[in-house]
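As a plain string of letters, each chain reads:
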Amino acid sequence: MSQLGSGDAALMQELGDFPDDDLKVEQVEKECRTVRHSVPTDGVELDPHVRDCVKSYTQPWLVVTRRCQGDGWSLYSERAGIHKPLQKQTFETDVQPEDQQKPIKSPTLTSLSDDSSRTLTSSDFNLRCLTPDQRVEGLLAFSSPEELDRFNHDARHETRHPNLFALYPPADEEDAVEIRPIPDCPKEHIGDRILVRCQSIKFEIEIEPLFATMALYDLKEKKKISENFYCDLNSEQFRGFLKPHTPNTDSSTLARSAIFSITYPSPDIYLVIKIEKVLQQGEISDCADPYMTLKESDSAKNKDKLEKLRGQAQTFCQRLGRYRMPFAWATVKIMEVISTATLDRDVTDSDSLKGVKSSSIDRRAQLPRRNSERYSTMDDQFCNISAFKPANITINTIFKQEGDRLNDEDLLKILAEIKKTSNPQRRIKTIPGYIKLDMSPVHDTPAACLSTELIPLIPVAEKNVRPLKEVLEFPSSEVYVPHNVYRNLLFVYPQRLNFVNKLTSVRNITIKIQFMSGEDPIGSLPVIFGKSSGPEFLQEVYTPVTYHNKSPDFYEEVKLVLPAHLTDRHHLLFTFYHISCQQKQNQSGSCETLIGYSWLPMLNNDRLQTGQFCLPIVLERLPVNYSMHTPEKLPPQVPPVKWMESHKGLFNLEIQAVSSVHTQDNHLERFFTLCHALEGGATFPLRVRDEKIPENKLEHELKLSIISLSSSSLEPLVLFLHLVLDKLFTLIMQPMVIAGQTANLAQIAFESVVSIVNSLHNSQELIRDQQGRNSLLATYLYWVFRLPDPPRDMQSTGSGSMIPSAESRYSTMGRATAATVGSMLLQSRVRSSSNPDIPAPHTPDEDAEVQSILSSKGLNNPGSRMSTYVDVNSHQNTIGSTRPSNRKQFHEELALQMVVSTGICRENAYKYAWFFFELLVKSMAQHVSQLDKHNVHRRSRFSDRFKDDIATIVSVVTAEIATILVKQQKEVEQAEKVNISLAFFLYDLLSLMDRGFVFQLVKNYCNQMSAKCVSMPTLISMRLEFLRILCSHEHYLNMSLFFSSPASAPASPSPSISSQSSGSCSFQEQQRILGLFELSQEFKQQHYLTGLLLTELSAALDMESEGGKVQRKAINAICSLLCAHDLDHRCDKYEVRAKVATLYLPLVGIIIDSTNYLDFTVSDTRGGKNKTGGPEDDLDNVPPINQSVAMAIAGNPFNTLGRNVLVSMASMQGKSIATLAADTSRHLLVCFLWVMKNADKTLIQRWTVDMPPSQLNKLLELLTICVSCFEYRGKQSSDKVSTQALQKSHQAKLQLEEALLRRMGAAGEMMKRAGGTDRIMGQKENLRWRKDLTQWRQTNDKQDKTKAELDHEALISGNLATETNLIVLDLLETIVQAVPLADCKDSVIGGVLKVLLHSLTCNQSTTYLSHTFSTLRSLVVKFGDLLFEEEAEQCADLCQKVLQYCSSPVDENRSQACATLYLIMRYSFSNANNFSRVKMQVTMSLASLVGKSSDFQEEYLRRSLRTILAYAEEDTEMQNTQLPSQVDELLRNLNSILSDTVKMREFQEDPEMLMDLMYRIAKGYQTSPDLRLTWLQNMAEKHNLRKCYTESAMCLVHAAALVAEYLSMLEDHKYLPVGSVTFQNISPNVLEESAVSDDILSPDEDGVCSGRYFTESGLVGLLEQAAELFSNGGLYEAVNEVYKIIIPVLEAHRDFRKLASTHDKLQRAFDNIIQKGHKRMFGTYFRVGFYGAKFGDLDEREFIYKEPGITHLPEISHRLENFYSQCFGEDTLVMIKDSTPVDRKQLNPNKAYIQITFVEPYFDDYEMKDRLTNFEKNFNLRRFMYTTPFTKSGRPRGELYEQFKRKTILTTMHAFPYVKTRLNVIQKEEFDLTPIEVAIEDMQKKTRELAVATHREQPDAKMLQMLLQGSVGATVNQGPLEVAQVFLNEIPADPKLFRHHNKLRLCFKEFIMRCGEAVEKNKHLITSDQKEYQQELKKNYNRLRENLRPMLERKIPELYKPIIRPRLENRDSFKRLSFRRTQEENS
């Protein structure tokens, strides 16, 4: 450390020098719930065990804390508030435009004539009448580019947020291994608490005092689960009755409210209230009778009776007031009350189960509770105990007690019946009355509450108020929480007596119960708790009496407090009396008649007696010294004792103890007794239970008892855990002198600790935290463990020998070097684990000392090293006198035991190494705190042999981990946990030991792990977690920055760079700078830990792992580390940050290399302004298409995401790499940005200058990805609530609450304890230490976020987006400013511009935009010529983006954009002489902007145009040039485009009208191909949105034809299409694209056709997309035509990959044709006519509309009706329902009419020859037909002979499909058919149908039968027969009709033939059950044929004469003219 440079030394001071001591040991006072600790009261000398217990329960905690935690990054709570408030960032997406809801304006339907004169755009709008926006100050006022840069730089750095990570949402916590949860402080166990307040108990009459007892019962467990609570609500008058029997009333007995605790809630918990009264004469029924018959309300009638009853009651009270009798009882089901009172919030399922707040289930986590199935079933039905609303309960059913069903068993049976049927089976009588209770949950202990021992709880009541009592819980199942308070209670339950055989009249029996300290009657102790309204403690208590019952049951519970010091004389005394209820005349004295006695000694062989007993009863008097024996085993006495029923057991009782002193477990009892015997003061032989142990056996017995400790049952072991472990650790330390021999119990005690640790971990009942640590042990280590007291001078009681302790020193003999220990160890593992007596081999050079010791010590196993006492003179202390070495050190002994352990003990010691590690650390910390710091150097705090042991332990643990990983894959989780605990151990050692030593251990660990053949991902993952923990050390920065060799300290890159030219930089210097950004060997040596971590990251990124787990781990580790630095206030200074950032420069290199793995999908999730409304979404389901074209369609016409990124993504070099998940990518990128933000700027500039171009490109790509990754998502997104978020919210709330509670110190603790929110720290793990510091609050739950929270979140994410983008911008500026030094500047500027433009595509804040526009302006100023010449595409992009922001609703953005646009124009005009190109670009950009954006706001854009005009007018320098006029002209042009847009806006709702308008605008641009192309693309996009894929494809075909025209003008390649002619196979309409001839425009003129589409690849792109769309539209034949044009181009380019995919697509198209065949649906066509002046231009226009495949007339009718009724109002619009010609005269001029008719494509016969397939009949359609039936009389339909038909044929302007979906009708022809012609057409149709049905490949029988039925069926009205009879019956008179007659006759001939065929065919198709049907058909057919025959055979003679030329004029109706001929005639 001494060689630090002065600068570094100062920095080191900044970072907080290493303090002398990192760990401090402090005592923390125990918090006590009561006002004083519960301790034994009596002043007796306590026996050692009780003394230890009391000490353990009252002594303060001993906690080891980190001194520097405040500096490190573990706790920043005090720093939370000093964040500077965040600025609100404005984002366009969050700005709500004022006029969101515009009503649909009725379209003005202005003239849409098809001429291309652009009437609309004569600038409707004079720009000059607008006021311009604010201009940007000093736009042109800078003197030099440098000055401009400086100005921009200062502006950017003004209000920046210093901590990037404070804005970044914290990484996922599951990787946060470095958080070691602090275990909860041990507390007395309390379940969920419920306060029950007794309000009133009322019966119909009030005549005597009544007493209530409450308790809880769990029916499921068949168990009473609380002690009794006594209360009474008697009036003063009734209390007076009992005056003689209550000498005084203590306030504690006046309680009426009880707090019950429930640990294991279950739906079957009942609150039972028993009511007693004073004993009186008569059965219970007799006494209850008046209550059931009399009513207080009938007072007149019953007044005397009641007075008499009261009088009697008073007499009984005075005489028998001390005796009670059972009277009544009632019950209420606790859970029902709670569930009905649960808070009325929406309880979702998850709520009711998990509970909210401190729900008991959550808190049950902390009760290390059972996992048995009982609980799993419990959870579903039970609801939340701690969060119900206070409830008032009235119980109306009060049952009379029955004398023969009093005990708890009977009670539980009745409850079970009630549960089943809601009333008891055997009708129990009820007593009218009610009980009122209040029930509420308890969070904070109320004032004036008493504990179960009657000690007041905190808070204490101020004034004298009625107290509440806590009722002791008897949990229904084990509770595993160690004892924490002194509690020593005994409960006595008398159960039943059996005096049936006793002949005398004993019937009213009571038992007096006393607790005696001896046999003297005055030895009765006042330790029995009193009941209500009486003394607090009593000396005796009487059980209630059951009248006239010789074998009564009892339900009494006697609670008493046990003396701390119990002796053999203490016993319970029971005295049995008969009570005479009526006073006999002669009997004046007592009402008690003694029956007999029984007793129970408290101790049996020194152990408390509990359980069930059945005692005999002694008559007359108690024998002498009775208390020494149990009544069953009383030795014979003189005189002999009189027993009732000859010594039979007659009295059943049960005794339960609730004690934190008496273990009630044999193993523990024995262990404690023997340990105390060692401490001296015991007399031998020692009595343990029934055996006597002589002194020489003590060691053996003690060892046995230690070994059997772990086999004691779990509950007592847990309850006394702290005590047991303390004792064992004392044994490890304390050499025992037993019978003069030194016994070393260390090894056996250590083994016992190991086995206890093992059994606690393996128990299913106990919980563990996320690191696998058993919570009980973790708590013990953190709070309870303290070094055992130093060994006392042991006086062995047997021999009295003393060892001189003053001189004795402790030393472990026979040290070997660590290496030999290691080898001994490994061999002892191999050999000695089974037989400890085989010595491990020794190396010859081991010193003789070792030999002698090993041979001389018979006591210890050879080969294991053991410690003993030796005289200091025989051995010199080897370590120098700096440490007090005259006693054994616990940590040394522990380490030694770990090293020498063998077998299963060793295995478990290393399996649960965390326990021993933490034990070591805590004992080392205590050791260090006792050293004299000033004289002891850090290196000599610990002895060398201890270091050797530690090295060995670390090495063994590492080996264990590796072994598990290699051999037992299943145990990986175990290995991870051991690995983490090892890391924490080294982490702690860094604070205690010499750091060089610890680093050596780390190095050994890494080497050892690498040496094993573990799978790579697992290995990296292990090492990562290990390093992550070490790096979280608070002095990590010091250790990383300053632990370096002097030569290697990096020189600060001080010389300013800008001053030097790149040439003067030496090559070495250049390499050095580049080297700083790489992970070099040198770096790893200098910065050890950082080097290791970065190496792991680099390895992880290069590796393939399933689901990227390892990558995520590595990245999260770095991310959380940087986050910690960022928020560490030692790093607030700029220089310190720069220094720290230097430490992570290699990270930049790693990240740049990993660009390929990053997932930048994040950038696609944009929706919002400046993006189109969502074509991206529609494109998702289209197979992938050319990237740039896709980008264009998707609203990003200039593919800003670098092509190279996409390409590099696509063609990753053969290596299959999983890209990282989006969130992980973000973590990695935020690290990159952090380093870039904080690193030294000059250094970065040097680096970018020296960087090879390929690397620079990668850097720029990376920046592009950063921009996308951190894009602002907007408030909107945070409103979308996901279900997971809902579920997460509850956990998050619990955690948040937990965190708050943790932070609040004492107040928090209070709140917790009272509220029971003390969940185990396990939940706290998930809260990261730094939450309070960052701006992020840990709430991922959207559901209950207030608006304020949402706003806050949006505020933070807005600031994050701004800050990250500004960092990128800073870096870009740094790169650009370095450019003059570099050679390849054009590519650099291009790259930088790309990133900038990409950032403008994203959603950005105003702050960022203003800085970006400044940067863009400076680029234009500095590199304008370069931009306008070389980077044409970039220039186009630039114009587009800037123009986009000119229409921004945010003023600031607009003014910046205007300034930028004006500057571009000015520079392109003055410097680059390239104004026409910019003009073209701007015009095109506007056109595309307007066409695509749906929410585009033209008023803002107009204002911007006005502002630009203002700039031009105010620019004095340019006044004399052409610029102002040029700008003026350009703006006018833009304005006219805008006006078109306004029109489009009006038709937004009417797609056909909108397309007509867009079509017209596009047509208007016929002379400017670029713009026409843009509009065609806009149309394509609109069609695509409406899923009109065919039309969309046609637009692109037209666009491609346009491009082809221009390409053919430019160059003559055979493979290119010859202009638009080539496209006519796709559609004849395309020829219109050739409208522009060469003379109008030469393609190469400035700026024309310079767009990217006017290239061969652009052409191919457009066509490929068109093919894709045709395919989507189902026109697969067209796909083929399109590819016919593409293929020659691809062949010429030799692009075989494309050709392959093309042919693949063709194959798919043809497959589709084959498979779908006839099933394909093409369009449906309708004629729509508009009539009425309201339609303006559309009046009397007819259109053909093309609708999707199956569209019914009502659908289109409905659509148009809806739309136009919105425009004109519903009553104005009329839909004409028929298709007859419309007569204008009959229409109402004030209304609008629409007529819709279905039409079919119409073809001439000659056309049908070419149109064979279904596709051909639906493609290129220009003529459509519909028919209208009519009769001369005017009705549409009539008889056959009068039925005419009119056919109308319509011709459209273009052929369908076209670029729009409706076309004008330009020609209409009509002709009428006479009735006979109608008949001919009908018969032809029938015949055709029959022929088709008969000759199908697979005939359909049903279809055929249907047709036959209609043809030959007998009863067909207007059927064939009738037709024949009407038209063929006679030859017509009119010769004109001869032909028709004959034609009809021939038709019938064919018809009858086809019928015959069909009948025959049917014969083969029918099933057997249809034979009759077939015969019927045949019969009908024959009849029809016979009927027709005469008519068919009659020919018209005239027709068969020689032919004369007929005259044409008369054959009007035959005029069938094709469309072409009509045209000729018309022309």
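This one's a predicted model, so the numbers in the text were calculated from it and none came from an experiment.

### With respect to the sheet that holds strand β13 (residues 433-441)
At step 1: If you trace the six strands from one edge of the open sheet to the other, you get β10-β13-β3-β7-β15-β14, paired in mixed fashion. Two strands close off the open sheet at either side, each with one partner strand: β10 (391-395) and β14 (449-450).

### Quick word on the side chain of His-1411
At step 1: Within the secondary structure, His-1411 sits in helix α46 (residues 1406-1429).
At step 2: Those residues in contact with His-1411, other than ones at most four positions away along the chain, are Ala-155, Arg-156, Leu-1366 and Leu-1369.

### Remarks on the sheet that holds strand β20 (residues 540-542)
At step 1: As summarised here, the arrangement of the five strands in space is β20-β17-β22-β23-β27, forming an open sheet in which the pairing is antiparallel. The open sheet has two edge strands, β20 and β27 (618-619), and neither has a second partner.
At step 2: Two elements, strand β22 (residues 571-579) and strand β23 (residues 592-601), share nine bridges in a ladder whose sense is antiparallel. Bridge pairing in β23 places Phe-574 opposite Ser-598.

### Remarks on the pattern of salt bridges
At step 1: In the structure shown here, the tally under the stated rule is 75 salt bridges.
At step 2: A salt bridge links Arg-135 to Glu-1514; the nearest nitrogen and oxygen atoms lie 2.5 Å apart. Placement of the pair is Arg-135 in the loop between β2 (61-66) and α3 (145-156) and Glu-1514 in helix α50 (residues 1498-1514), with a sequence separation of 1379 residues.
At step 3: On the basis of relative accessible area, Arg-135 is assigned to the partly exposed category, the value being 26%.

### Overview of the side chain of Ser-943
At step 1: Along the chain, Ser-943 falls in the loop between α23 (913-930) and α24 (944-967).
At step 2: A distance of 3.1 Å separates a polar atom in the side chain of Ser-943 from a polar atom in the side chain of Glu-892.

### Remarks on α50
At step 1: Its 17 residues place the ends of α50 24 Å apart at the C-alpha level, agreeing with the 24 Å of an ideal helix rising 1.5 Å per residue.
At step 2: Of all 17 residues making up α50, 13 are buried, and the element is well covered by its neighbours.

### Section: the state of the cysteines
At step 1: Under the counting rule described, the total for this entry stands at zero disulfides.
At step 2: Among the cysteines around Cys-1231, which has no disulfide bond, Cys-1119 carries the closest sulfur, lying 4.2 Å off.
At step 3: A relative accessible area of 0% places Cys-1231 in the buried class.

Rules used in this analysis
Residues numbered from 1 in each chain as written. Predicted model: local features only at pLDDT ≥ 70, side-chain atom pairs only at ≥ 80, totals over all residues. Heavy atoms only, no water. Pairing = 2+ DSSP bridges. Helix = DSSP H or I, 4+ residues; strand = E, 2+ residues; numbered from the N terminus. Contact = heavy atoms within 4.5 Å. Salt bridge = Lys/Arg side-chain N within 4 Å of Asp/Glu carboxyl O. Buried < 20%, exposed > 50% of the residue type's maximum accessible area, 1.4 Å probe, protein only. Polar contact = N/O pair within 3.5 Å; in protein donor to acceptor, adjacent residues only side chain to side chain. Expected span 1.5 Å × (residues − 1). Disulfide = S-S within 2.5 Å.

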